[in-house]
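Below, each chain spelled out in residue letters.
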Amino acid sequence: MNKNKQKIGIALGSGGASGFAHIGVLKVLEENNFQVSSIVGCSIGAIIGACYALDSNIKEEKKVLFSLTKKDLIKLADLNFQKKGLIYGKNIRNFIKSLIGDKTFSDTKIPLKILATDLESGKEVVIDKGKLVDAIMASISIPGIFPPVRLNGKLLVDGGLINPTPTDIVKKMGADIIIGVDLTMKNKMKLKNPNIFQTLMRSYEIVRTQSTKYHINREDNNLLIIKPNINELMFFNFYKSQKFIKEGERVARKALPDIKSLLKRGKRKHK
């Protein structure tokens, strides 16, 4: 338990397969008895965030994700010939249901919100009611890769399109200390003869990076950004989960002094 009784909120950002780094970060927080009081998940962060919010631990999900192979991923990628997206998404939906079942937001042990983007209005949509799998499918629907998801009267796509690391939403949930796990603000990347897919994905990352910087610059001094060092285009390399999890653990351990410093600062403010 967090002895300082400060509310620690965490934003688990978008970033494809590299988002498995979220598991490593949560593992380190657990090991050091930092209790997360609220979670906002975006894209891959929505999947990891929902799993954690339901169980308050990441062990079982970690076992499943560690076991993913290239063959498993090929089976999950059900090609869509209706031209609404490259991947239909039914197999991925079934896989997510194998992790969380038919649970709803009301079943979570930790308050959870999931972020998506309204394709028609261009505005962010914060989802906190209904079935978790529906919200997750909306949040992970990368434009052009997955078809948009119709939910609550809105046509939704990837939440990372306009707010990839939604620390501002965590703040609105009442967190005293905000931890954002960001996977968008990468260093300069060297690309040799990128194919069309790599060009599109890198361009998408550049747009998301600018959006992340905009939102983070509006936050106060109670914000800590943890940035796993993954400077590769690895949107769909989910079979490399172990590598990403270990990187999440590394950067989280490095950030422990900063987390403790924020907690002490917050404690002084509440006296």
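This text gives an overview of the structure that appears in the document. Small disclaimer: the values here were computed from a predicted structure and weren't measured. (Residues numbered from 1 in each chain as written. Predicted model: local features only at pLDDT ≥ 70, side-chain atom pairs only at ≥ 80, totals over all residues. Heavy atoms only, no water.)

**Notes on the overall build of the chain**
Logical step 1: Looking only at helices and strands, the chain features nine helices and eight strands.
Logical step 2: Of the contacts made within the chain by residues no fewer than 6 positions apart, 76% connect residues no fewer than 24 positions apart.
Logical step 3: Accessible surface, the chain: about 13300 Å² in total, of which carbon and sulfur atoms supply 52%. (Helix = DSSP H or I, 4+ residues; strand = E, 2+ residues; numbered from the N terminus. Contact = heavy atoms within 4.5 Å. Areas by Shrake-Rupley, 256 points an atom, 1.4 Å probe, with all protein chains shown as cover.)

**Here we look at the nonpolar core**
Logical step 1: In this structure, Ile10, Leu29, Ile39, Ile96, Ile100 and Ile136 are the most contacted members of the largest nonpolar core, which totals 65 residues.
Logical step 2: The contacts of Ile96, once residues within four sequence positions are left out, are Ile47, Gly101, Val133, Ile136, Met137 and Ile140.
Logical step 3: Of all hydrophobic cores here, the second largest spans nine residues; its members include Val40, Leu115, Ile169 and Val170. (Core = buried A, V, L, I, M, F, W, Y, C linked by side-chain atoms within 4.5 Å. Buried < 20%, exposed > 50% of the residue type's maximum accessible area, 1.4 Å probe, protein only.)

**Some remarks on the pairing of strand β6 (residues 154–158)**
Regular strands place their side chains on alternate faces of the sheet.
Logical step 1: In this sheet, β6 lies alongside strand β3 (residues 112–118) in antiparallel orientation, the contact comprising three bridges. The residue of β6 that forms the bridge with Ala116 is Asp158.
Logical step 2: In terms of strand pairing, strand β5 (residues 149–151) meets β6 through three bridges, oriented antiparallel. Bridging across to β6, Val149 finds its partner in Leu156.
Logical step 3: Between β5 and β6, which pair antiparallel and follow one another directly, the connecting turn spans two residues, one of which, Asn152, has a positive phi of 55°. (Pairing = 2+ DSSP bridges.)

**Considerations on the packing of helix α1 (residues 21–31) against helix α2 (residues 44–55)**
Logical step 1: Two elements in contact, α1 and α2, have axes whose closest approach is 10 Å; the angle formed by their N-to-C orientations is 35°. At the point where α1 passes α2, the crossing takes the right-handed sense. Contacts between α1 and α2 involve His22, Ile23, Leu26 and Glu30 from the former and Ile44, Gly45, Ile48 and Tyr52 from the latter.
Logical step 2: Its residues placed into classes, the contact of α1 with α2 shows five nonpolar, two polar and one charged. (Axes fitted to C-alpha atoms, helices over the stretch in contact; angles between N-to-C directions. Left-handed = near helix turned anticlockwise from the far one by under 90°. Nonpolar A, V, L, I, M, F, W, Y, C, P; charged D, E, K, R; others polar.)

**Section: the environment of Gly9**
Logical step 1: Within the secondary structure layout, Gly9 lies in strand β1 (residues 8–12).
Logical step 2: When the C-alpha positions of Gly9 and Ile177 are compared, they lie 6.2 Å apart, and in sequence the two are 168 residues distant.
Logical step 3: Residue contacts for Gly9: discarding those within four places in its chain leaves Ser37, Ser38, Val170, Ala175, Ile177, Ile178 and Ile179.

**With respect to the pairing of strand β2 (residues 36–42)**
Logical step 1: Along β2, six of the seven residues are buried, which leaves the element largely enclosed by surrounding structure.
Logical step 2: As a crossover connection, the stretch from β1 through α1 into β2 is right-handed. (Right-handed = clockwise from strand over helix to strand, strands pointing away.)

**Notes on the packing of α2 against helix α6 (residues 132–139)**
The packing of two helices is summarised by the inter-axis angle and the distance between the axes.
Logical step 1: With their axes 9 Å apart at the nearest point, α2 and α6 run at an angle of 155° to one another. When the axes of α2 and α6 are compared, the pair comes out roughly antiparallel. Crossing geometry of α2 relative to α6 is assigned as right-handed. Counting all contacts with α2, which are made through Ala46, Ile47, Ala50 and Leu54, the residues of α6 involved are Leu132, Ile136 and Ser139. (Parallel < 35°, antiparallel > 145°, perpendicular 65-115°, else oblique.)

**Details of the pattern of salt bridges**
Logical step 1: Per the stated rule, a full pass over the model turns up ten salt bridges.
Logical step 2: Here Lys27 makes a salt bridge to Glu31, at a shortest N to O gap of 2.5 Å. Residue Lys27 and its partner Glu31 are both found in helix α1; the two are separated by four residues, about one turn of the helix.
Logical step 3: Note that Arg253 and Glu249 form a salt bridge whose closest N and O atoms lie 3.4 Å from each other. With Arg253 and Glu249 both in helix α9 (residues 241–269) and four residues apart, this pair spans about one turn of that helix. (Salt bridge = Lys/Arg side-chain N within 4 Å of Asp/Glu carboxyl O.)

**A short note on the side chain of His22**
Logical step 1: Position of His22 relative to the elements: it lies in helix α1.
Logical step 2: Overall, His22 belongs to the buried group, its relative accessible area being 0%.
Logical step 3: A polar atom in the side chain of His22 sits 2.8 Å from the backbone oxygen of Gly13. (Polar contact = N/O pair within 3.5 Å; in protein donor to acceptor, adjacent residues only side chain to side chain.)

**Considering the environment of Ala17**
Logical step 1: Among the structural elements, Ala17 can be located in the loop between β1 and α1.
Logical step 2: Sequence separation of Ala17 and Ser241 is 224 residues, and the distance between their C-alpha atoms is 7.2 Å.

Worth remembering: the numbers are spatial, not functional.
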